[in-house]
Amino acid sequence: MVATQAALFEMQKLIEPSTARLGVFDDNRSKAIHRWYPFIEGYSADLVEAALIDVGGKDVHVLDPFGGSGTTALTASALGFDCSFCEVNPYLAWVAEVKVNVARAAAESPDLGLLGDLAAVLDAGGKFGAPPGDHPLLDVDAHRHFFPRGVASRILGLLAWIDANLTAPLDDLARLAVTTSLIPASNMVRRTDLRKRHTGDAPPAHLESTVASQLRMIQADVIEAAPKLGGCAVRVAADARTLTPQPHPFTTIVTSPPYLNGTNYCRNTKLELFSLGLLEEAELAELRVRSITAGINNVSKRRAAPTLTDDVEQVAQQLDSVAYDRRIPALVRLYFSDMQVVFERVRSASALGAAWLLDIGDSRFAGVSVPTPELLVSVASSVGWRLETTRTLRERKSYDGTPLTQVLLSLRAA
Ligand SMILES: C[S@@+](CC[C@H](N)C(=O)[O-])C[C@H]1O[C@@H](n2cnc3c(N)ncnc32)[C@H](O)[C@@H]1O
């Protein structure tokens, strides 16, 4: 890494109290529309808002190459900007589109009250049985008991009723109310990763009451917040590594990429993916290959040898000698080579001078620190991005108790 970049990382060790919450989703839980799908791996709307208020003006073209649940797109829309995004997970991409595009269309709908009518039927004890036939959700539930008995079939019954009785844009809002109730009504809990409930965890919630309260919240938020949405969300690619130049070069990029050794976004949303028929179990492995290699279980033998900068190779070689699992150095090599492709693709789709705000944290494996932000800057510099500032958002801890930091990198297209 060049000396000036090292100095920039040194200068920003002090954490301002106001930044500690910017890198986490928590504050979005009380914000209209953002709260429809609490996404633990998301960041705060305030982080995006600060970035976009700064840019102001005309000819602003916003991109989030790792769109997730659409925090960037929704915040941009509230400020009047369209937002292009990439998101490999079809469920998360759909959630982002519902929160922005469907919400905007629903603000104009004279039938919005139908959501409240459905909520009333559900609260009065209405249940909808599954239509006959096979379904991926029933198949996996039969083997793995993800849901209390009969719940998977009631989920599918509700979704079938929505298909038959509601039309756009209300149908997608109602589907979102159902899919966001799946985990609360299941035998699973989401604690970063999805796992079975333990004895200390709360019991599964009642499906129909949960869907009813989601429907009411969605209806209220559409009335309150959707009329103020001025921009739309446009998915320009699924895999950010395949992004191509668009009619307008991007001027402003705001994103949080997958963290190294982070969450398995495909496995964590599999029940939602299956229930909407967006994916079947056999296709999960393929979705993992299309994702940035960010976790040890994503290290695929099918992947070609990566191209690397010297700094990344140095850390990977340290891990070659100490790691208890050969997949760990492979993970590090694949992660940074995947991210290099994204930096290259985004650079070729961006204007000269475009600003990129990137939220990321470092990692530690087998006692070896992986300075992810510094290595990302090194990889980004090799394909036309220059580091301008870094800002520490908050301190974290690795599994062995070593302090880790989450930072906000500010890059510019050189
Ligand atoms: C940290 S999350 C982004 C969260 C987002 N900022 C929010 O607030 O909802 C990273 C996202 O990158 C997505 N992702 C992983 N690999 C990808 C790829 N190759 N292309 C596009 N998105 C990808 C994951 O599915 C995940 O949703």
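Our structure is the block above this text.
On a predicted model such as this, the values are computed, not experimentally measured, just so you know.

### A closer look at the packing of helix α14 (residues 327-348) against helix α15 (residues 372-381)
Right, on to step 1. It is at 9 Å that the axes of α14 and α15 come closest, and there the two elements cross at 45 degrees. Accordingly, the angle class assigned to the pair α14 and α15 is oblique. You can see that α14 and α15 cross each other, and the crossing is right-handed. Of the residues in α15, those in contact with Y335, F336, M339, Q340 and F343 of α14 are T372, L375, L376, V379 and A380.
Right, on to step 2. Among the residues making up the contact of α14 with α15, the classes are represented as eight nonpolar, two polar and no charged.

### Observations concerning helix α7 (residues 151-165)
Right, on to step 1. For α7, spanning 15 residues, the distance from its first C-alpha to its last is 21 Å, which sits close to the expected 21 Å at 1.5 Å a residue.
Right, on to step 2. Every buried residue belonging to α7 is among V151, A152, R154, I155, L156, G157, L158, L159 and I162, and all of these are buried.
Right, on to step 3. For α7, the secondary structure elements touched by its buried residues are α5 (113-123), α6 (136-144), α8 (170-179), α9 (207-225) and α11 (270-275).

### Focus: α15
Right, on to step 1. In terms of burial, α15 is largely enclosed, as eight of its ten residues are buried.
Right, on to step 2. When α15 is considered as a whole, its buried residues turn out to be T372, P373, L375, L376, V377, S378, V379 and A380.

### A look at the pairing of strand β3 (residues 188-191)
Right, on to step 1. Bridge analysis of β3 against strand β4 (residues 193-196) gives four bridges, and the strand direction is antiparallel. Bridging across to β4, V189 finds its partner in R195.
Right, on to step 2. The hairpin formed by β3 and β4 contains one residue between the paired strands, and T192 there has a positive phi angle of roughly 65 degrees.

### Here's the deal with the site of the ligand
Right, on to step 1. Surrounding the ligand, one finds 24 residues, the nearest of these being S69, T71, E87, D239 and A240.
Right, on to step 2. The side chain of D239 places a nitrogen or oxygen atom 2.9 Å from a nitrogen atom of the ligand.
Right, on to step 3. One of the backbone N or O atoms of A240 is found 2.8 Å from a nitrogen atom in the ligand.
Right, on to step 4. Contact with the protein chains removes 99% of the 610 Å² of surface that the ligand exposes when unbound.
Right, on to step 5. In terms of residue class, the shell around the ligand is made up of twelve nonpolar, eight polar and four charged.

### Quick notes on a negative patch on the surface
Right, on to step 1. Residues D134, D139, E280 and E283 make up a contiguous surface patch of negative charge.
Right, on to step 2. Look at E283 and you get partly exposed, because its relative accessible area is 38%.

### Things to note about the sheet that holds strand β7 (residues 350-361)
Right, on to step 1. On the basis of which strands lie adjacent, the open sheet formed by seven strands has the order β5-β2-β1-β6-β7-β11-β10 and mixed pairing. A single partner strand is all that each edge strand has here, and the edge strands are β5 (233-237) and β10 (385-397). Across this sheet, the average inter-strand angle for adjacent strands is 20 degrees, counted without regard to direction.
Right, on to step 2. Relative to β5, strand β2 (residues 83-86) is paired through four bridges, and the arrangement is parallel. When the sheet's bridge partners are listed, C83 is paired in β5 with A233.
Right, on to step 3. Running over the sheet, helix α2 (residues 45-55) touches β1 (62-64), β6 (250-255), β7, β10 and β11 (403-413) and is turned about 165 degrees from β6.
Right, on to step 4. The strands touched by α14 are β1, β6, β7, β10 and β11; relative to β7, the strand with the most contacts, the crossing angle is about 150 degrees.

Calculation criteria
- Residues numbered from 1 in each chain as written.
- Predicted model: local features only at pLDDT ≥ 70, side-chain atom pairs only at ≥ 80, totals over all residues.
- Heavy atoms only, no water.
- Axes fitted to C-alpha atoms, helices over the stretch in contact; angles between N-to-C directions.
- Helix = DSSP H or I, 4+ residues; strand = E, 2+ residues; numbered from the N terminus.
- Parallel < 35°, antiparallel > 145°, perpendicular 65-115°, else oblique.
- Left-handed = near helix turned anticlockwise from the far one by under 90°.
- Contact = heavy atoms within 4.5 Å.
- Nonpolar A, V, L, I, M, F, W, Y, C, P; charged D, E, K, R; others polar.
- Expected span 1.5 Å × (residues − 1).
- Buried < 20%, exposed > 50% of the residue type's maximum accessible area, 1.4 Å probe, protein only.
- Pairing = 2+ DSSP bridges.
- Near = heavy atom within 4 Å.
- Polar contact = N/O pair within 3.5 Å; in protein donor to acceptor, adjacent residues only side chain to side chain.
- Areas by Shrake-Rupley, 256 points an atom, 1.4 Å probe, with all protein chains shown as cover.
- Patch = residues over 30% accessible without salt bridge, like charges linked within 9 Å, V, L, I, M, F, W, Y side chains within 5 Å.
- Salt bridge = Lys/Arg side-chain N within 4 Å of Asp/Glu carboxyl O.
- Lys, Arg positive; Asp, Glu negative; His and termini not counted.
- Charge placed at Lys NZ, Arg CZ, Asp CG, Glu CD.

Honestly, it's all geometry; don't read function into it.
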